[in-house]
Amino acid sequence: MQPVLERFLRYVQYDTTSSEESSACPSTPGQLVFAEVLQKELEELGVSNVRSQNAYVYGEIPATPGCEQEPAIGFIAHLDTAPAASGANVRPRVVEYQGGDIVLNEEGPVVMKEADFPYLADYQGQALVVTDGTTLLGADDKAGVAEIMTAAERLLQGDIPHGKICIAFTPDEEVGRGADHFDVAGFGAEYAYTVDGGDLGDINYESFNAADLKVIIHGRSIHPGSAKGKMRNALLLGMEFHGMLPVEENPMYTEGYEGFYHLEGMQGNEETAQLHYIVRDHDREKFAQKKERVEKIAAYLNDKYGDGTMVLEMADSYYNMKEKLEDRKEILLRAQEAFRACGVEPYSTPIRGGTDGSRLSFMGLPCPNLSTGGANGHGRFEFASVPAMEKMVEVLVEMARPFRPEA
(Lines give C-alpha, C1' and ligand atoms only; values in the text may rest on other atoms or scores of the structure.)
Protein backbone atom coordinates (compact mmCIF):
# COMPACT_ATOMS: atom_id res chain seq x y z
CA MET A 1 0.00 0.00 0.00
CA GLN A 2 1.51 3.30 -1.08
CA PRO A 3 2.04 5.93 1.66
CA VAL A 4 0.35 9.29 1.18
CA LEU A 5 3.73 11.07 1.32
CA GLU A 6 5.09 8.98 -1.56
CA ARG A 7 2.04 9.84 -3.66
CA PHE A 8 2.23 13.50 -2.80
CA LEU A 9 5.91 13.82 -3.70
CA ARG A 10 5.15 12.18 -7.04
CA TYR A 11 2.09 14.31 -7.78
CA VAL A 12 3.79 17.67 -7.21
CA GLN A 13 6.22 16.88 -10.04
CA TYR A 14 3.41 17.51 -12.53
CA ASP A 15 3.04 21.13 -13.64
CA THR A 16 -0.68 21.77 -13.47
CA THR A 17 -0.71 25.56 -13.18
CA SER A 18 -4.08 26.86 -14.41
CA SER A 19 -4.46 30.00 -16.50
CA GLU A 20 -6.93 32.85 -16.32
CA GLU A 21 -6.04 33.90 -19.87
CA SER A 22 -7.06 30.61 -21.49
CA SER A 23 -10.70 29.83 -22.22
CA ALA A 24 -9.96 26.15 -22.93
CA CYS A 25 -11.03 23.37 -20.58
CA PRO A 26 -8.73 22.53 -18.98
CA SER A 27 -7.00 25.87 -19.25
CA THR A 28 -3.53 24.30 -19.51
CA PRO A 29 -2.33 21.01 -21.08
CA GLY A 30 -0.44 19.94 -17.96
CA GLN A 31 -3.74 19.40 -16.17
CA LEU A 32 -4.83 16.96 -18.84
CA VAL A 33 -1.59 15.02 -18.46
CA PHE A 34 -2.05 14.73 -14.70
CA ALA A 35 -5.72 13.80 -15.11
CA GLU A 36 -4.69 10.88 -17.31
CA VAL A 37 -2.22 9.77 -14.62
CA LEU A 38 -4.94 9.88 -11.97
CA GLN A 39 -7.41 8.04 -14.18
CA LYS A 40 -4.92 5.23 -14.77
CA GLU A 41 -4.09 5.03 -11.07
CA LEU A 42 -7.75 4.77 -10.10
CA GLU A 43 -8.21 1.97 -12.60
CA GLU A 44 -5.16 0.11 -11.29
CA LEU A 45 -6.47 0.38 -7.73
CA GLY A 46 -9.73 -1.27 -8.81
CA VAL A 47 -12.00 1.75 -8.56
CA SER A 48 -15.21 1.23 -10.54
CA ASN A 49 -16.74 3.32 -13.32
CA VAL A 50 -13.60 5.39 -13.84
CA ARG A 51 -14.05 7.99 -16.56
CA SER A 52 -12.72 11.41 -17.48
CA GLN A 53 -13.45 14.29 -19.79
CA ASN A 54 -11.60 17.59 -20.09
CA ALA A 55 -9.51 16.72 -17.01
CA TYR A 56 -12.56 15.97 -14.85
CA VAL A 57 -11.83 12.51 -13.43
CA TYR A 58 -14.53 10.43 -11.74
CA GLY A 59 -14.68 7.03 -10.07
CA GLU A 60 -16.73 5.01 -7.62
CA ILE A 61 -16.10 2.51 -4.85
CA PRO A 62 -19.24 0.33 -4.54
CA ALA A 63 -20.84 -0.20 -1.15
CA THR A 64 -19.76 -3.25 0.80
CA PRO A 65 -22.36 -6.00 1.36
CA GLY A 66 -25.00 -4.86 3.82
CA CYS A 67 -24.25 -1.16 3.31
CA GLU A 68 -26.04 -0.66 -0.01
CA GLN A 69 -28.71 1.52 1.60
CA GLU A 70 -26.21 3.97 3.05
CA PRO A 71 -26.22 7.42 1.40
CA ALA A 72 -23.52 7.76 -1.25
CA ILE A 73 -20.95 10.37 -0.26
CA GLY A 74 -18.25 12.01 -2.34
CA PHE A 75 -14.68 13.23 -1.93
CA ILE A 76 -13.43 15.92 -4.33
CA ALA A 77 -10.05 17.61 -4.84
CA HIS A 78 -8.72 19.87 -7.59
CA LEU A 79 -5.69 18.93 -9.63
CA ASP A 80 -4.57 22.40 -10.73
CA THR A 81 -2.29 24.80 -8.88
CA ALA A 82 -2.55 28.58 -8.61
CA PRO A 83 -1.03 30.83 -11.30
CA ALA A 84 0.18 33.19 -8.57
CA ALA A 85 3.52 31.34 -8.51
CA SER A 86 5.29 28.86 -10.75
CA GLY A 87 4.24 25.23 -10.51
CA ALA A 88 6.94 23.99 -12.88
CA ASN A 89 10.03 22.05 -11.79
CA VAL A 90 8.84 21.74 -8.20
CA ARG A 91 11.65 20.38 -6.01
CA PRO A 92 10.14 19.30 -2.69
CA ARG A 93 12.08 18.06 0.31
CA VAL A 94 11.13 16.77 3.71
CA VAL A 95 12.53 18.49 6.79
CA GLU A 96 12.21 17.39 10.40
CA TYR A 97 11.17 20.71 11.86
CA GLN A 98 12.54 21.51 15.30
CA GLY A 99 11.65 25.19 15.42
CA GLY A 100 13.13 28.43 14.15
CA ASP A 101 13.63 29.48 10.55
CA ILE A 102 13.74 27.09 7.58
CA VAL A 103 16.31 27.79 4.87
CA LEU A 104 14.55 26.84 1.66
CA ASN A 105 17.33 27.85 -0.68
CA GLU A 106 20.85 28.93 0.29
CA GLU A 107 21.25 30.85 -2.96
CA GLY A 108 19.55 34.18 -2.45
CA PRO A 109 18.97 33.08 0.29
CA VAL A 110 15.28 32.16 0.60
CA VAL A 111 14.29 31.68 4.23
CA MET A 112 10.90 30.89 5.74
CA LYS A 113 11.17 32.92 8.92
CA GLU A 114 9.31 32.04 12.08
CA ALA A 115 8.96 35.79 12.71
CA ASP A 116 6.97 36.10 9.47
CA PHE A 117 5.01 32.87 10.02
CA PRO A 118 4.67 32.54 13.81
CA TYR A 119 2.32 29.57 13.50
CA LEU A 120 5.34 27.53 12.42
CA ALA A 121 5.83 26.98 16.14
CA ASP A 122 2.76 24.72 16.09
CA TYR A 123 4.61 22.33 13.75
CA GLN A 124 7.64 21.64 15.95
CA GLY A 125 8.51 17.94 15.93
CA GLN A 126 6.71 17.30 12.63
CA ALA A 127 8.03 16.30 9.24
CA LEU A 128 7.22 19.08 6.78
CA VAL A 129 7.35 19.03 2.99
CA VAL A 130 8.75 22.36 1.78
CA THR A 131 9.77 23.92 -1.52
CA ASP A 132 13.25 24.95 -2.69
CA GLY A 133 12.11 28.58 -2.57
CA THR A 134 11.67 29.01 -6.33
CA THR A 135 8.15 27.61 -6.85
CA LEU A 136 5.00 26.85 -4.96
CA LEU A 137 4.69 23.33 -3.55
CA GLY A 138 1.26 22.30 -4.82
CA ALA A 139 -0.19 21.09 -1.52
CA ASP A 140 -3.16 23.17 -2.64
CA ASP A 141 -4.54 20.79 -3.68
CA LYS A 142 -2.34 17.82 -4.49
CA ALA A 143 -2.31 17.03 -0.78
CA GLY A 144 -6.06 16.53 -1.08
CA VAL A 145 -5.64 14.44 -4.23
CA ALA A 146 -3.05 12.21 -2.52
CA GLU A 147 -5.19 11.83 0.60
CA ILE A 148 -8.29 10.81 -1.35
CA MET A 149 -6.32 8.37 -3.51
CA THR A 150 -4.65 6.78 -0.48
CA ALA A 151 -7.96 6.51 1.38
CA ALA A 152 -9.48 4.84 -1.70
CA GLU A 153 -6.68 2.29 -1.74
CA ARG A 154 -7.25 1.47 1.95
CA LEU A 155 -10.98 1.06 1.45
CA LEU A 156 -10.45 -1.25 -1.51
CA GLN A 157 -7.79 -3.37 0.18
CA GLY A 158 -9.14 -3.35 3.72
CA ASP A 159 -12.08 -5.01 5.44
CA ILE A 160 -13.95 -1.79 6.17
CA PRO A 161 -17.76 -1.56 5.82
CA HIS A 162 -18.86 1.50 3.86
CA GLY A 163 -21.53 2.87 1.59
CA LYS A 164 -20.90 3.94 -1.99
CA ILE A 165 -17.98 6.36 -2.23
CA CYS A 166 -17.77 8.74 -5.19
CA ILE A 167 -14.45 10.33 -6.15
CA ALA A 168 -13.75 13.33 -8.38
CA PHE A 169 -10.70 15.36 -9.34
CA THR A 170 -11.38 18.67 -11.07
CA PRO A 171 -9.39 21.17 -13.15
CA ASP A 172 -9.19 24.97 -12.98
CA GLU A 173 -10.45 25.49 -9.44
CA GLU A 174 -7.79 28.13 -8.88
CA VAL A 175 -9.19 30.29 -11.70
CA GLY A 176 -12.79 29.89 -10.54
CA ARG A 177 -13.91 27.40 -13.17
CA GLY A 178 -13.61 24.09 -11.34
CA ALA A 179 -17.36 23.49 -11.20
CA ASP A 180 -18.15 24.74 -14.71
CA HIS A 181 -18.47 21.27 -16.22
CA PHE A 182 -18.88 19.13 -13.11
CA ASP A 183 -21.37 16.31 -13.73
CA VAL A 184 -23.40 16.45 -10.51
CA ALA A 185 -25.98 13.92 -11.65
CA GLY A 186 -23.38 11.52 -13.02
CA PHE A 187 -21.18 11.90 -9.93
CA GLY A 188 -23.80 9.98 -7.98
CA ALA A 189 -23.29 11.31 -4.45
CA GLU A 190 -26.03 12.59 -2.15
CA TYR A 191 -23.51 15.01 -0.67
CA ALA A 192 -19.75 15.47 -0.83
CA TYR A 193 -16.70 17.06 0.74
CA THR A 194 -13.95 19.00 -0.99
CA VAL A 195 -10.59 18.09 0.55
CA ASP A 196 -8.98 21.46 -0.06
CA GLY A 197 -8.41 23.16 3.29
CA GLY A 198 -5.50 23.96 5.56
CA ASP A 199 -4.87 23.19 9.23
CA LEU A 200 -5.80 19.72 10.42
CA GLY A 201 -9.30 19.54 11.87
CA ASP A 202 -10.77 22.57 10.11
CA ILE A 203 -14.21 22.01 8.58
CA ASN A 204 -15.33 24.92 6.42
CA TYR A 205 -19.03 25.39 5.73
CA GLU A 206 -19.03 29.16 5.20
CA SER A 207 -17.51 30.93 2.22
CA PHE A 208 -17.65 34.37 0.69
CA ASN A 209 -20.30 35.55 -1.68
CA ALA A 210 -18.22 36.59 -4.66
CA ALA A 211 -18.42 38.76 -7.75
CA ASP A 212 -15.98 39.59 -10.52
CA LEU A 213 -15.90 43.25 -11.54
CA LYS A 214 -14.31 44.91 -14.53
CA VAL A 215 -14.43 48.70 -14.82
CA ILE A 216 -13.83 49.89 -18.38
CA ILE A 217 -12.94 53.58 -18.56
CA HIS A 218 -13.21 55.66 -21.73
CA GLY A 219 -11.12 58.80 -21.65
CA ARG A 220 -10.00 61.37 -24.21
CA SER A 221 -6.36 61.66 -25.25
CA ILE A 222 -5.10 65.13 -26.21
CA HIS A 223 -1.51 66.24 -26.61
CA PRO A 224 -0.47 67.31 -23.10
CA GLY A 225 0.77 70.63 -24.48
CA SER A 226 -2.77 71.66 -25.40
CA ALA A 227 -4.79 69.44 -23.07
CA LYS A 228 -6.26 72.06 -20.75
CA GLY A 229 -10.03 71.64 -20.55
CA LYS A 230 -9.96 68.86 -23.14
CA MET A 231 -8.08 65.80 -21.88
CA ARG A 232 -9.81 63.11 -19.83
CA ASN A 233 -7.02 60.80 -18.72
CA ALA A 234 -8.59 57.34 -18.36
CA LEU A 235 -5.88 56.25 -15.93
CA LEU A 236 -6.58 59.19 -13.62
CA LEU A 237 -10.32 58.57 -13.90
CA GLY A 238 -9.64 55.01 -12.80
CA MET A 239 -7.72 56.30 -9.81
CA GLU A 240 -10.66 58.57 -8.99
CA PHE A 241 -13.03 55.60 -9.15
CA HIS A 242 -10.81 53.56 -6.85
CA GLY A 243 -10.40 56.47 -4.45
CA MET A 244 -14.15 56.51 -3.86
CA LEU A 245 -14.13 52.95 -2.48
CA PRO A 246 -13.82 52.62 1.32
CA VAL A 247 -10.13 52.45 2.20
CA GLU A 248 -10.71 50.04 5.07
CA GLU A 249 -12.61 47.56 2.87
CA ASN A 250 -9.37 46.32 1.38
CA PRO A 251 -7.95 42.81 1.95
CA MET A 252 -4.95 44.15 3.88
CA TYR A 253 -7.30 45.65 6.49
CA THR A 254 -9.85 42.82 6.78
CA GLU A 255 -10.16 39.43 8.47
CA GLY A 256 -12.75 36.93 9.66
CA TYR A 257 -16.17 37.82 8.29
CA GLU A 258 -15.13 41.22 6.93
CA GLY A 259 -15.59 41.63 3.19
CA PHE A 260 -13.56 43.66 0.72
CA TYR A 261 -12.96 45.11 -2.72
CA HIS A 262 -9.68 43.80 -4.12
CA LEU A 263 -8.02 45.54 -7.07
CA GLU A 264 -6.29 42.69 -8.94
CA GLY A 265 -5.14 44.53 -12.01
CA MET A 266 -4.98 47.92 -13.72
CA GLN A 267 -3.93 48.61 -17.27
CA GLY A 268 -4.40 51.17 -19.99
CA ASN A 269 -3.39 54.63 -21.17
CA GLU A 270 -4.92 58.09 -21.42
CA GLU A 271 -7.53 56.95 -23.94
CA THR A 272 -8.82 53.81 -22.27
CA ALA A 273 -8.14 51.87 -19.08
CA GLN A 274 -9.44 48.89 -17.16
CA LEU A 275 -9.64 48.04 -13.47
CA HIS A 276 -10.23 44.45 -12.44
CA TYR A 277 -11.67 43.75 -8.99
CA ILE A 278 -12.99 40.86 -6.99
CA VAL A 279 -15.79 41.77 -4.57
CA ARG A 280 -16.34 39.60 -1.48
CA ASP A 281 -18.55 39.38 1.60
CA HIS A 282 -19.89 36.53 3.74
CA ASP A 283 -23.19 38.35 4.35
CA ARG A 284 -25.50 38.30 1.31
CA GLU A 285 -27.04 41.70 2.17
CA LYS A 286 -23.64 43.36 2.62
CA PHE A 287 -22.51 41.71 -0.61
CA ALA A 288 -25.44 43.32 -2.42
CA GLN A 289 -24.60 46.68 -0.81
CA LYS A 290 -21.02 46.44 -2.07
CA LYS A 291 -22.20 45.89 -5.62
CA GLU A 292 -24.70 48.71 -5.31
CA ARG A 293 -21.93 51.06 -4.11
CA VAL A 294 -19.88 50.28 -7.22
CA GLU A 295 -22.84 51.05 -9.44
CA LYS A 296 -23.48 54.35 -7.63
CA ILE A 297 -19.84 55.43 -8.01
CA ALA A 298 -19.94 54.66 -11.73
CA ALA A 299 -23.21 56.57 -12.11
CA TYR A 300 -21.77 59.58 -10.28
CA LEU A 301 -18.66 59.65 -12.47
CA ASN A 302 -20.72 59.21 -15.64
CA ASP A 303 -22.84 62.16 -14.58
CA LYS A 304 -19.65 64.15 -13.91
CA TYR A 305 -17.73 63.25 -17.08
CA GLY A 306 -20.42 62.10 -19.50
CA ASP A 307 -22.38 58.94 -20.19
CA GLY A 308 -20.28 55.97 -21.14
CA THR A 309 -17.16 57.14 -19.35
CA MET A 310 -17.45 54.25 -16.86
CA VAL A 311 -18.74 50.90 -18.10
CA LEU A 312 -19.17 48.11 -15.57
CA GLU A 313 -19.02 44.40 -16.29
CA MET A 314 -19.99 42.63 -13.08
CA ALA A 315 -21.00 39.01 -12.58
CA ASP A 316 -21.51 36.88 -9.49
CA SER A 317 -18.99 34.06 -9.17
CA TYR A 318 -20.34 32.00 -6.26
CA TYR A 319 -22.34 32.32 -3.05
CA ASN A 320 -21.89 31.40 0.60
CA MET A 321 -22.27 27.61 0.87
CA LYS A 322 -23.73 28.08 4.36
CA GLU A 323 -27.10 28.82 2.77
CA LYS A 324 -27.23 25.25 1.49
CA LEU A 325 -25.59 23.53 4.46
CA GLU A 326 -27.16 25.06 7.56
CA ASP A 327 -30.19 22.76 7.28
CA ARG A 328 -28.04 19.65 6.63
CA LYS A 329 -26.44 19.25 10.03
CA GLU A 330 -25.75 15.55 9.47
CA ILE A 331 -23.21 16.42 6.75
CA LEU A 332 -21.10 18.47 9.15
CA LEU A 333 -21.68 16.07 12.03
CA ARG A 334 -20.34 13.17 9.96
CA ALA A 335 -17.06 15.01 9.44
CA GLN A 336 -16.86 16.17 13.04
CA GLU A 337 -17.35 12.66 14.43
CA ALA A 338 -14.80 11.21 12.02
CA PHE A 339 -12.16 13.68 13.19
CA ARG A 340 -12.90 12.90 16.83
CA ALA A 341 -12.73 9.16 16.18
CA CYS A 342 -9.22 9.75 14.79
CA GLY A 343 -8.10 11.78 17.80
CA VAL A 344 -8.50 15.26 16.26
CA GLU A 345 -10.78 17.90 17.76
CA PRO A 346 -12.63 19.55 14.85
CA TYR A 347 -13.33 23.25 14.54
CA SER A 348 -14.72 25.57 11.88
CA THR A 349 -13.51 28.80 10.36
CA PRO A 350 -15.08 30.83 7.54
CA ILE A 351 -13.25 30.52 4.23
CA ARG A 352 -11.94 33.87 3.09
CA GLY A 353 -12.33 32.70 -0.45
CA GLY A 354 -14.23 29.89 -2.10
CA THR A 355 -13.85 26.29 -3.15
CA ASP A 356 -15.50 24.15 -5.80
CA GLY A 357 -17.89 23.28 -2.98
CA SER A 358 -19.24 26.83 -2.89
CA ARG A 359 -20.66 26.44 -6.37
CA LEU A 360 -21.43 22.74 -6.16
CA SER A 361 -23.61 23.37 -3.11
CA PHE A 362 -25.79 25.63 -5.26
CA MET A 363 -25.74 23.08 -8.09
CA GLY A 364 -27.51 20.53 -5.90
CA LEU A 365 -24.50 18.85 -4.26
CA PRO A 366 -24.08 20.05 -0.65
CA CYS A 367 -20.34 20.22 -0.19
CA PRO A 368 -18.38 21.57 2.82
CA ASN A 369 -14.59 21.67 2.81
CA LEU A 370 -12.09 19.65 4.84
CA SER A 371 -8.51 20.28 5.89
CA THR A 372 -5.50 18.77 4.11
CA GLY A 373 -2.57 19.77 6.32
CA GLY A 374 -1.20 22.27 3.81
CA ALA A 375 -0.26 25.86 4.62
CA ASN A 376 0.92 29.07 2.93
CA GLY A 377 -0.67 28.16 -0.39
CA HIS A 378 -0.05 29.98 -3.65
CA GLY A 379 3.57 30.85 -2.98
CA ARG A 380 7.13 29.67 -2.45
CA PHE A 381 6.65 29.39 1.32
CA GLU A 382 3.95 26.75 0.93
CA PHE A 383 4.44 23.61 3.01
CA ALA A 384 2.55 20.50 4.08
CA SER A 385 2.59 18.54 7.32
CA VAL A 386 3.27 14.84 6.76
CA PRO A 387 1.52 13.73 10.01
CA ALA A 388 -1.51 15.84 9.08
CA MET A 389 -1.71 14.28 5.61
CA GLU A 390 -1.48 10.81 7.15
CA LYS A 391 -4.18 11.70 9.68
CA MET A 392 -6.46 13.01 6.92
CA VAL A 393 -6.29 9.63 5.21
CA GLU A 394 -7.51 8.06 8.46
CA VAL A 395 -10.30 10.64 8.69
CA LEU A 396 -11.52 10.01 5.13
CA VAL A 397 -11.56 6.26 5.73
CA GLU A 398 -13.50 6.82 8.96
CA MET A 399 -15.99 9.05 7.16
CA ALA A 400 -16.69 6.24 4.69
CA ARG A 401 -18.04 4.00 7.46
CA PRO A 402 -21.81 3.83 8.02
CA PHE A 403 -22.96 6.88 9.96
CA ARG A 404 -25.98 7.23 12.20
CA PRO A 405 -26.39 10.83 13.43
CA GLU A 406 -28.17 11.13 16.71
CA ALA A 407 -31.65 12.61 16.54
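Located above this text is the structure these notes cover.
Summary of the structure given here. (Residues numbered from 1 in each chain as written. Predicted model: local features only at pLDDT ≥ 70, side-chain atom pairs only at ≥ 80, totals over all residues. Heavy atoms only, no water.)

Attention now goes to the overall build of the chain. Broken down by element type, the chain carries ten helices and 17 strands. A globule of 407 residues ought to have a C-alpha radius of gyration of about 22 Å, and the chain, at 23 Å, matches this closely. Dimensions along the principal axes, computed over C-alpha positions, put the chain at roughly 80 × 50 × 35 Å. Counting every position in the chain, which comprises 407 residues, the buried fraction comes to 51%. Taking the intrachain contacts of the chain between residues at least 6 apart in sequence as the baseline, contacts between residues at least 24 apart amount to 79%. Accessible surface, the chain: about 18,000 Å² in total, of which carbon and sulfur atoms supply 48%. Between the averaged position of the 36 positive side-chain charges in the chain and that of its 65 negative side-chain charges there is a distance of 5 Å. (Helix = DSSP H or I, 4+ residues; strand = E, 2+ residues; numbered from the N terminus. Rg over C-alpha atoms; globule rule 2.2 N^0.38 Å. Buried < 20%, exposed > 50% of the residue type's maximum accessible area, 1.4 Å probe, protein only. Contact = heavy atoms within 4.5 Å. Areas by Shrake-Rupley, 256 points an atom, 1.4 Å probe, with all protein chains shown as cover. Lys, Arg positive; Asp, Glu negative; His and termini not counted. Charge placed at Lys NZ, Arg CZ, Asp CG, Glu CD.)

Tracing the backbone through its elements, the reader meets T372 in the loop between β15 (369–370) and β16 (374–375). The exposure class of T372 is buried, given its relative accessible area of 1%. Sequence-distant contacts of T372, defined by excluding residues within four places in its chain, comprise D141, A143, G144, E147, V195, D196, G197, G198, A388, M389 and M392.

Read from one edge to the other, the open sheet built from four strands follows the order β4-β7-β17-β16, with strand pairing classed as antiparallel. With partners counted over all chains shown, the strands left at the sheet margins are β4 (93–96) and β16, one partner each. With two bridges joining them, β16 and strand β17 (residues 383–385) adopt antiparallel strand pairing. Looking at the pairing, A375 lines up with F383 of β17. Along the sheet, helix α10 (residues 386–400) makes contact with β7 (127–130) and β17, crossing β17 at roughly 55 degrees. (Pairing = 2+ DSSP bridges. Axes fitted to C-alpha atoms, helices over the stretch in contact; angles between N-to-C directions.)

Next up on the list: the pairing of strand β1 (residues 48–53). Examined bridge by bridge, β1 and strand β2 (residues 56–61) share four bridges and lie antiparallel to one another. Directly across from R51, in β2, lies its bridge partner Y58.

The next thing to look at is the pairing of strand β3 (residues 73–78). Burial analysis of β3 places six of its six residues in the buried class, the great majority of the element. Side chains I73, F75 and A77 project from β3 onto one buried face, and the interleaved G74, I76 and H78 project onto a second face that is buried too. Here β3 pairs with strand β8 (residues 165–170) via six bridges, running parallel. Note that in β8 the partner of F75 across the bridge is I167. Bridge analysis of β3 against strand β9 (residues 191–195) gives four bridges, and the strand direction is parallel.

What follows covers helix α8 (residues 329–341). Helix length check: α8 (13 residues) gives 18 Å between terminal C-alpha atoms against 18 Å at 1.5 Å per residue, within 8%. Within the span of α8, buried status applies to I331, L332, R334, A335, A338 and F339. Summarising the axial view, the buried residues of α8 lie within an arc of 155 degrees, below the 170-degree limit, and thus occupy one face. Facing away from the buried side of α8 by over 90 degrees, the exposed positions are K329 and A341. Looking at the buried positions of α8, the neighbouring elements they touch are β3, β9, β10 (203–204), α7 (322–325), β15 and α10. Positive phi shows up at G343, right after α8, with a value of about 80 degrees. (Expected span 1.5 Å × (residues − 1). Arc of directions from axis to C-beta.)

On to unusual backbone geometry, then. In this structure, the amide linkage connecting C25 to the following residue, P26, adopts the cis form with an omega of 0 degrees. G108 connects to P109 through a cis peptide bond whose omega is -20 degrees. Summarising the element assignment, P109 is placed in the loop between β5 (102–105) and β6 (110–112). Phi is positive for N89, which is not a glycine, with a value near 55 degrees. With respect to the helices, strands and loops of the structure, N89 is situated in the loop between β3 and β4.

Turning to the packing of helix α2 (residues 29–45) against helix α3 (residues 139–157), a few remarks are in order. Following both chains from N to C, one finds α2 and α3 inclined at 15 degrees, their axes separated by 10 Å at the closest point. Of the possible angle classes, the one that applies to α2 and α3 is roughly parallel. Note that α2 runs across α3; the crossing there is right-handed. Contact residues: α2 offers F34, L38, E41, L42 and L45, while α3 offers K142, V145, M149, E153 and L156. Grouping the amino acids of the contact of α2 with α3 by side-chain chemistry returns seven nonpolar, no polar and three charged. (Parallel < 35°, antiparallel > 145°, perpendicular 65-115°, else oblique. Left-handed = near helix turned anticlockwise from the far one by under 90°. Nonpolar A, V, L, I, M, F, W, Y, C, P; charged D, E, K, R; others polar.)

For the structure shown, the criterion picks out 22 salt bridges. Of the charged contacts, one joins E323 and R284 as a salt bridge, the two residues approaching to 3.0 Å between their closest N and O atoms. With a gap of 39 residues between them, E323 in helix α7 and R284 in helix α6 (residues 284–305) connect regions that are remote in the sequence. The exposure class assigned to E323 is partly exposed, which follows from its relative accessible area of 35%. A residue is classified by how much of its surface remains accessible, and R284, at 33% relative accessible area, is partly exposed. Across the pair K391 and E394 runs a salt bridge whose closest N-O atoms are separated by 3.4 Å. One end of the pair is K391 and the other is E394, both in helix α10 and three residues apart, which spans about a single turn. (Salt bridge = Lys/Arg side-chain N within 4 Å of Asp/Glu carboxyl O.)

Let's shift gears to a nonpolar patch on the surface. Judged by side-chain polarity, L236, M239 and M266 come together as a nonpolar surface patch covering roughly 300 Å² of accessible area. Here M266 is to be found in strand β12 (residues 260–268). (Patch = residues over 30% accessible without salt bridge, like charges linked within 9 Å, V, L, I, M, F, W, Y side chains within 5 Å.)

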